Amino acid sequence: MKNLFYLVLVLLICPNATAQESKWESWFWPNKGLPRNANSPLFQDSLSLRPFRLFQEPEIFPIVNQPASAIYKIDLDNMLDTEEPWIIEFWLINHVNQPIGFEVFLEQRPVLSNWNKKWLLPGREEPQGFWGKYFTHLVLSNGENGLRIYENGDLLFQGEKARGHVLLLRSYLQEEPFMKLDHWVKHLSFFSGAMAENWVKERFRQHQHWKKEGIRIPGKFHFLAEPYLYAPGPNQMQITFELDRKAEVKLLFGEDIRSFEALELSPQYENRYHVRLNDLKSNSPYFYEIEATDEKGNSLKSGPLTFRTAPEKNSPILIGLVSDTESRPQINEQIGMQLWDERVDLVLHLGDITDGGKEAEKWQWTQEFFPGSSALYSRIPNIPVAGNGEGDLFWYKAYHPQTNALGCYSTDYGPATFFVLNSNQPGEFQKGGAQYEWLKNELSQSKSPWKFVMMHHAPYSMDEDDYGDTWQGKGSYGDRRFQPLLRLLEDFDVDMMFFGHLHTYMRSFPLNQDQIDFDRGITYVQVGGMGGNLEDFAPNRVPFSAKTFRGFHYGTISITLGRLELRVYTGDGKLIDIFEVRKKN
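The structure presented is a predicted model; accordingly, all values stated were derived computationally and were not measured.

> Can you help me understand the packing of helix H6 (residues 434-445) against helix H7 (residues 483-491) in this one?
Each pair of packed helices gets described by two things: the angle between the helix axes and the distance between those axes. Packing of H6 against H7 leaves a shortest axis separation of 11 Å and a crossing angle of 5°. The angle between H6 and H7 places the two elements in the roughly parallel class. For the pair H6 and H7, contact is made by Tyr436, Leu439, Lys440 and Leu443 and by Pro484, Leu485, Leu488 and Leu489, respectively. Grouping the constituent residues of the contact of H6 with H7 by class yields seven nonpolar, no polar and one charged.

What follows is the structure, encoded as structure tokens:
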């Protein structure tokens, strides 16, 4: 109803807004999904530029003096009469911090060039304009009055009429690993006809609305959040998903894909669904599928998906370890593929699921996190921590209703218990503080062979400037406000602490009372490399630091009753650290 009201308002305010005839459009949310038999209709090449890619570059005359990453070809004669007026529209999201660029060509001629947030125009450069910090709406209108280029509703450039039958897009993304042009260009559309008055401003307003609502594909029935597994228990699984509209929804599940049990579902809030499947067999594989039908009879299916319930306490487990997915779905997807190939049982996510996905920024969940991560999390459950990126807990709690009012919870999985803290409130970790007392009570009752504490912020760190500029003076090498919490962990013989926040990898020596202690110490592991802007280390090694790495990365932890092995890898799977702990008893 909200979207219908908006459309009526558009037509009343701007009756000529639909004078152009739409010939072709596509929204790009590229994630080809998991390989081979794990592939799902949730993830399709139709949502990427891959089908248009050329592997032999034609002769062109680029302006950007950088090595090309890829080139894409679109035959305009298949959708437009190129001798008549036409419009090409782009919606761009630049949420990375390294220089990137692309060029638009008609035949051999560059029509528009961008490098490092600058437009390279005939005779001048112009800084790229952004709306909402990361977004740019771009329109090329070509007709009898020449070529006009509009940026965020305003005229950027006017020149002679452009001619050509082939559109080429050339990308320059070598500074951003695994990034493709369709991680930047989110919407590409073609219209025939001369541009009506106010059309470009109205189209800009429409894109602003779609961003605000977190919509991926306007007008098409789709998932805003694909099925997402989290916080599993010994005999249950939790699933959250969200649709873009009201629908009749059912969940099919069972141990055999040929004999599903069906559950009719009602939304928890608006079009968001939360399901807790109880009384499942432990350590057992299950199949499940979401089927939905909207009020117009359009259907949406997830396709068959899988999960495995938590094992018994004496069973070995293999766990993935990630953090700071933030602003790079392409890194999320790449590392998700690596973890899938390991067939981990569970993933620990140490926070900053988003870069700044607070209440007003839902798009960072539905247009970044879920597109990049849900191929993995639709099959492998995760235990997530709230980071400062979701520090208001609004969408964090909406998608993870298992958490308590403080933003913390605990989960048993095999021989381990994971205690999840909300470190956005450091005052609550002083003696007598709400989370301090909650954790003290939880630890005092735990009989788990392995105890792990997870939070986002860093009690120990070798970062260059988050805790004092170490290039100018001495830093504190971690957030000292968490010292009372560390003494509590030592009192209850916690085995390891995991955290993120800093976008590097660091493993400490075992520490007790801030001193290296191989007999009683706790090992602190900072994993911050699944998508945030990379950071760097202080100029000198800090004595507590045993291993560091700068680059995108992830970890795995294999755990049995008496032994733990941590391995950490680069984003493309190269081993960078290995560490073992053996239980003395």
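> Can you walk me through the pairing of strand E35 (residues 563-570) in this structure?
Each regular strand shows side chains that alternate between the opposite faces of the sheet. Of all eight residues in E35, six are buried, a share of seventy percent or more. In this sheet, E35 lies alongside strand E34 (residues 553-559) in antiparallel orientation, the contact comprising seven bridges. Among the inter-strand pairings, Tyr554 is bridged to a residue of E35, identified as Tyr569. Counting the residues that bridge the hairpin from E34 to E35 gives three residues. For E35 and strand E36 (residues 575-582), the ladder comprises seven bridges, and the chain directions are antiparallel. For Tyr569, the partnering residue across the bridge sits in E36 and is Leu575.

> Honestly, the sheet that holds strand E26 (residues 416-420) in this entry has me stumped. Any pointers?
Sheet strands line up and pair through hydrogen bonds in the backbone, either parallel or antiparallel. Taken in spatial order, the seven strands make up an open sheet running E25-E26-E27-E28-E32-E29-E33, and their pairing is mixed. The sheet terminates laterally at strand E25 (409-413) and strand E33 (545-549), the two strands that pair on one side only. With strand direction ignored, the average angle separating the axes of adjacent strands in the sheet is 15°. Alignment of strand E29 (residues 505-508) against strand E32 (residues 523-527), held across three bridges, turns out to be antiparallel. The residue bridging Arg507 from the neighbouring strand is Val525, located in E32.

> Looking at this structure, how should I read the layout of surface pockets?
If a probe as big as a water molecule is rolled over the atoms, it shows which places are left empty. Size it by volume and the second largest pocket reaches roughly 650 Å³. Together, 26 residues line the second largest pocket, and Asp495, Asp519, Gly521, Val581 and Arg582 are the ones closest to its centre. Elements that contribute at least two residues to the lining of the second largest pocket include exactly H7 and E36. With four residues, the top contributor of residues to the lining of the second largest pocket is E36.

> Could you clarify how one ought to interpret the environment of Val527 in this entry?
On the secondary structure map, Val527 appears in strand E32. Placed 141 residues apart in sequence, Val527 and Ala386 show a C-alpha to C-alpha distance of 14 Å. Not counting chain neighbours up to four residues away, the residues in contact with Val527 comprise Leu321, Val322, Ser323, Asp324, Leu350, Phe499, Gly500, Thr504, Tyr505 and His553.

> Before we go on, may I ask you to explain a negative patch on the surface in this structure?
Together, Asp75, Asp77, Asp81, Glu83, Glu84 and Glu107 make up a region of like negative charge exposed at the surface. Its location among the elements puts Glu84 in the loop between strand E3 (70-75) and strand E4 (86-93).

> Any chance you could explain the packing of aromatic side chains here in plain terms?
Aromatic rings considered in pairs are described by the distance between their centres and by the relative angle of their planes. Following the criterion strictly, the structure yields 37 aromatic pairs and no others. With 5.3 Å between their ring centres and 25° between their planes, Trp91 and Phe135 make a pair best called stacked. One end of the pair, Trp91, is in strand E4; the other, Phe135, is in strand E9 (residues 135-143), with 44 residues separating them in the sequence. For the pair Trp91 and Phe135, one class covers both residues: buried. Aromatic pair Trp450 and Phe452: ring centres 6.1 Å apart, planes at 5°, arrangement stacked. On the basis of relative accessibility, which here comes to 0%, the residue Trp450 falls in the buried class. An aromatic cluster is built from Tyr228, Tyr230, Trp365, Phe369, Phe370, Tyr377, Phe394, Trp395 and Tyr399, whose rings are joined through pairwise contacts. Against the face of Tyr399 rests Arg272, its NZ or CZ located 5.9 Å from the ring centre. A cation over an aromatic ring shows up here: Lys583 above the ring of Trp450, its NZ or CZ 4.6 Å from the ring centre.

> Help me understand the sheet that holds E9, please; the structure alone is not making it clear to me.
As summarised here, the arrangement of the six strands in space is E1-E13-E4-E9-E10-E11, forming an open sheet in which the pairing is antiparallel. One side of each edge strand has no neighbouring strand; the edge strands of this open sheet are strand E1 (21-27) and strand E11 (154-159). Averaged over all adjacent pairs, the angle separating strand axes in this sheet is 15°, with direction ignored. When E4 meets E9, the two strands line up antiparallel, connected through eight bridges. By the bridge assignment, Trp91 is partnered in E9 with His137.

> What am I meant to see in the pattern of salt bridges here?
Two side chains that carry opposite charge are able to pair once their charged atoms sit near each other. Tallied over the full model, the rule gives 28 salt bridges. A salt bridge links Arg124 to Glu126, with the nearest nitrogen and oxygen atoms 3.0 Å apart. Its relative accessible area of 34% is what places Arg124 among the partly exposed residues. Owing to a relative accessible area of 27%, Glu126 belongs among the partly exposed residues under this scheme. One salt bridge in this structure joins Arg205 and Glu202, with 2.8 Å as the shortest N-O distance. Residue Arg205 and its partner Glu202 are located together in helix H2 (residues 199-213), separated by three residues, close to a single helical turn. Arg205 gets classed as partly exposed once you look at its relative accessible area, which sits at 38%.

> Where do I start with H6 in this structure?
Structural remark: α-helix, 3.6 residues per turn; residues separated by three or four positions point the same way. Here H6 is twelve residues long and its end C-alpha atoms lie 17 Å apart, about the 16 Å a rise of 1.5 Å per residue gives. Looking only at H6, the buried set comprises Gln435, Tyr436, Trp438, Leu439 and Leu443. Considered in projection along H6, the buried side chains sweep an arc of 165° and stay on one side of the axis. Tucked inside the fold, the buried residues of H6 contact E25, E26, strand E27 (450-454) and H7.

> What exactly am I supposed to notice about helix H4 (residues 363-377) here?
Counted at 1.5 Å a residue, the expected span for H4 with its 15 residues is 21 Å, but the 18 Å between its end C-alpha atoms falls short. At Phe370, H4 shows its largest bend, some 55°, and a proline, Pro371, comes one to four positions later. A large share of H4 lies buried, amounting to 15 of its 15 residues.

> Teacher, can you tell me more about the nonpolar core here?
Here is a general trend for soluble globular proteins: nonpolar side chains tend to be buried in one another's company. Core analysis: the largest hydrophobic core is formed by 86 residues, its most contacted members being Phe241, Phe418 and Phe498. Tyr72, Trp86, Trp119 and Leu138 belong to the second-largest nonpolar core, a separate cluster that totals 37 residues.

> What is the right way to look at the confidence of the model for the chain in this model?
Keep in mind that low pLDDT regions are not for reading the predicted coordinates in detail. Taken as a whole, the chain shows an average pLDDT of 93; of its residues, 96% reach a score of 70 or greater. In the predicted structure, residues 1-18 sits below a pLDDT of 50 and forms 18 contacts with residues beyond four places in sequence or in another chain.

Rules and cut-offs
Residues numbered from 1 in each chain as written. Predicted model: local features only at pLDDT ≥ 70, side-chain atom pairs only at ≥ 80, totals over all residues. Heavy atoms only, no water. Axes fitted to C-alpha atoms, helices over the stretch in contact; angles between N-to-C directions. Helix = DSSP H or I, 4+ residues; strand = E, 2+ residues; numbered from the N terminus. Parallel < 35°, antiparallel > 145°, perpendicular 65-115°, else oblique. Contact = heavy atoms within 4.5 Å. Nonpolar A, V, L, I, M, F, W, Y, C, P; charged D, E, K, R; others polar. Buried < 20%, exposed > 50% of the residue type's maximum accessible area, 1.4 Å probe, protein only. Pairing = 2+ DSSP bridges. 1 Å grid on protein atoms, 1.4 Å probe; cavity = no way out; pocket = protein on both sides within 12 Å on 5 of 7 lines; lining within 4 Å. Points joined across faces, edges and corners; volume = space filled by probe spheres on them. Patch = residues over 30% accessible without salt bridge, like charges linked within 9 Å, V, L, I, M, F, W, Y side chains within 5 Å. Areas by Shrake-Rupley, 256 points an atom, 1.4 Å probe, with all protein chains shown as cover. Salt bridge = Lys/Arg side-chain N within 4 Å of Asp/Glu carboxyl O. Lys, Arg positive; Asp, Glu negative; His and termini not counted. Charge placed at Lys NZ, Arg CZ, Asp CG, Glu CD. Phe/Tyr/Trp six-rings, centres within 6.5 Å; stacked < 30°, edge-to-face > 60°. Lys NZ or Arg CZ within 6 Å of the ring centre and 35° of its normal. Expected span 1.5 Å × (residues − 1). Arc of directions from axis to C-beta. Bend = angle between axes of the 7 residues up to and from the residue. Core = buried A, V, L, I, M, F, W, Y, C linked by side-chain atoms within 4.5 Å. pLDDT = per-residue confidence, 0-100.

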